Amino acid sequence: METSRIALPIGTTLDRFIKNNQDQFQYTSGELSQLLRDIALASKVVNREINKAGLIDIMGSAGSQNTGGEQQQKLDVLANIRFTRALTKGGEACALISEETESYVDLNNNGKYVIAIDPLDGSSNIDVNVSIGTIFSIYRRKSQIGLPITDQDILQRGEEQVAAGYILYGSSTMLVYTTGHGVNGFTYEPSLGEYFLSHPDMIIPAEGKTYSINEGLANSFSEDVKNYLQHCKDSHYTARYIGSLVADFHRNLLKGGIYIYPATAKDAHGKLRLMYECNALAFIAEQAGGKGTDGKERILSIKPKSLHQRTPFYVGSSKMVEQAMK
Ligand code: P6P
């Protein structure tokens, strides 16, 4: 696995890092660089809103529901507007797939990239001040530029991603992304409004001692999942489940561990979404030396059939995911 070719020192700004590494990107990389900048900019605006959510009346439910019938929190809606606006203004994206909108959003027929995004994942944690995250995938359109968007542009396998990342609005705000040349993490300095390289060439330990799963649902887990959970307990692993996918994923990326959201009685295909949650994190996990599967096959190989389809998700340290699949 190739890591970033130009090793840049800790403290390099995100802009400088993108610019210095953009020749790794085999397409006309200027647009991808601009896309990443547009996403980073939107994340700064969302970060500011999140950090003062308690002070102005944007906490709590927006009174509407998203495509999955989940209660939309006001910040969900605001984040969706901010990312959509940033990506529209940039002009590089031709279509946007979002958890918050039923169909894809047609942005600009001259755009070369399709973005899939969960603008604010884990938003039920907002009111209780728990870390939340944005997850994004970037694909190159398949159809001819200038023509209308087609399903072949929208329903691409995760292995077609040209970039993916997440923003974690935690005790500090971090942007972690890959363009297929390793994984790099940037920490946001709000007083300067800049992201600085803080975690170059992130590698997930092959083994870990942490498992993340909602054991409250254990009665409806398959025997395989129950057996794996027993293995975790017999191995004296630690259970860590924040109920916020990006936060759990990020901790396991740094320390080693596995996150599992399996099929349950309520969600026969699991709860998480392939297009804008699992594909991005599976790409990052693989680029960091880990694995991401649906319990049987590689997440990135799954051919999507619909925008909001769910999939069971096993992601994290390679040896732990392999063990869970046995
Ligand atoms: P449960 C948040 O709603 C989310 O999508 C992920 O961020 C999180 O890991 C999971 O669902 C929590 O789901 O069913 O355990 O509450």
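Caption draft 1: Representation of the site of the ligand within the structure. The environment of the ligand is made up of Asp121, Gly122, Asn214, Tyr241, Gly243, Ser244, Leu245, Tyr259, Tyr261, Lys271 and Leu272. A distance of 2.6 Å separates an oxygen atom of the ligand from a polar side-chain atom of Tyr241. At a separation of 2.7 Å, an oxygen atom of the ligand approaches a polar backbone atom of Leu245. For the ligand, whose unbound accessible area comes to 400 Å², protein coverage reaches 80%. In the shell around the ligand, the residues fall into 5 nonpolar, 4 polar and 2 charged.

Caption draft 2: The domain arrangement of the chain, seen in detail. When cut into domains, the chain gives domain 1 (14-199) and domain 2 (210-325). Between the C-alpha centres of domain 1 and domain 2 there is a distance of 22 Å. Opposite the 48 residues of domain 1 that make contact, domain 2 presents 33 residues. Taking both sides of the interface into account, the surface hidden between domain 1 and domain 2 amounts to around 3,000 Å²; carbon and sulfur atoms contribute 63%. Among the residues of domain 1 in contact with domain 2, Ile135, Leu155 and Tyr166 are the three that bury the most area, contributing 21% of the side total. Where domain 1 packs against domain 2, one counts 1 salt bridge. With its nearest N and O atoms 3.2 Å apart, the salt bridge here joins Glu159 to Arg298. Taken together, domain 1 and domain 2 are joined by 14 residue pairs in polar contact (both at pLDDT 80 or more). The element contributing the most residues to the side of domain 1 that touches domain 2 is strand 7 (residues 161-169), with 8 residues.

Caption draft 3: Broad picture of the pattern of salt bridges. Scanning the entire structure with this criterion turns up 13 salt bridges. With a closest N to O distance of 2.6 Å, Glu215 and Lys233 form a salt bridge. Residue Glu215 is located in the loop between strand 11 (210-212) and helix 5 (223-234), and its partner Lys233 is located in helix 5; the two are separated by 18 residues in the primary sequence. By relative accessible area, Lys233 is classed as partly exposed at 35%. When the shortest N-O distance is used, the salt bridge between Glu223 and Lys226 registers 3.7 Å.

What counts as what
- Residues numbered from 1 in each chain as written.
- Predicted model: local features only at pLDDT ≥ 70, side-chain atom pairs only at ≥ 80, totals over all residues.
- Heavy atoms only, no water.
- Near = heavy atom within 4 Å.
- Polar contact = N/O pair within 3.5 Å; in protein donor to acceptor, adjacent residues only side chain to side chain.
- Areas by Shrake-Rupley, 256 points an atom, 1.4 Å probe, with all protein chains shown as cover.
- Nonpolar A, V, L, I, M, F, W, Y, C, P; charged D, E, K, R; others polar.
- Domains from an automatic or database assignment.
- Contact = heavy atoms within 4.5 Å.
- Buried area = accessible area lost by both parts, 1.4 Å probe.
- Salt bridge = Lys/Arg side-chain N within 4 Å of Asp/Glu carboxyl O.
- Helix = DSSP H or I, 4+ residues; strand = E, 2+ residues; numbered from the N terminus.
- Buried < 20%, exposed > 50% of the residue type's maximum accessible area, 1.4 Å probe, protein only.

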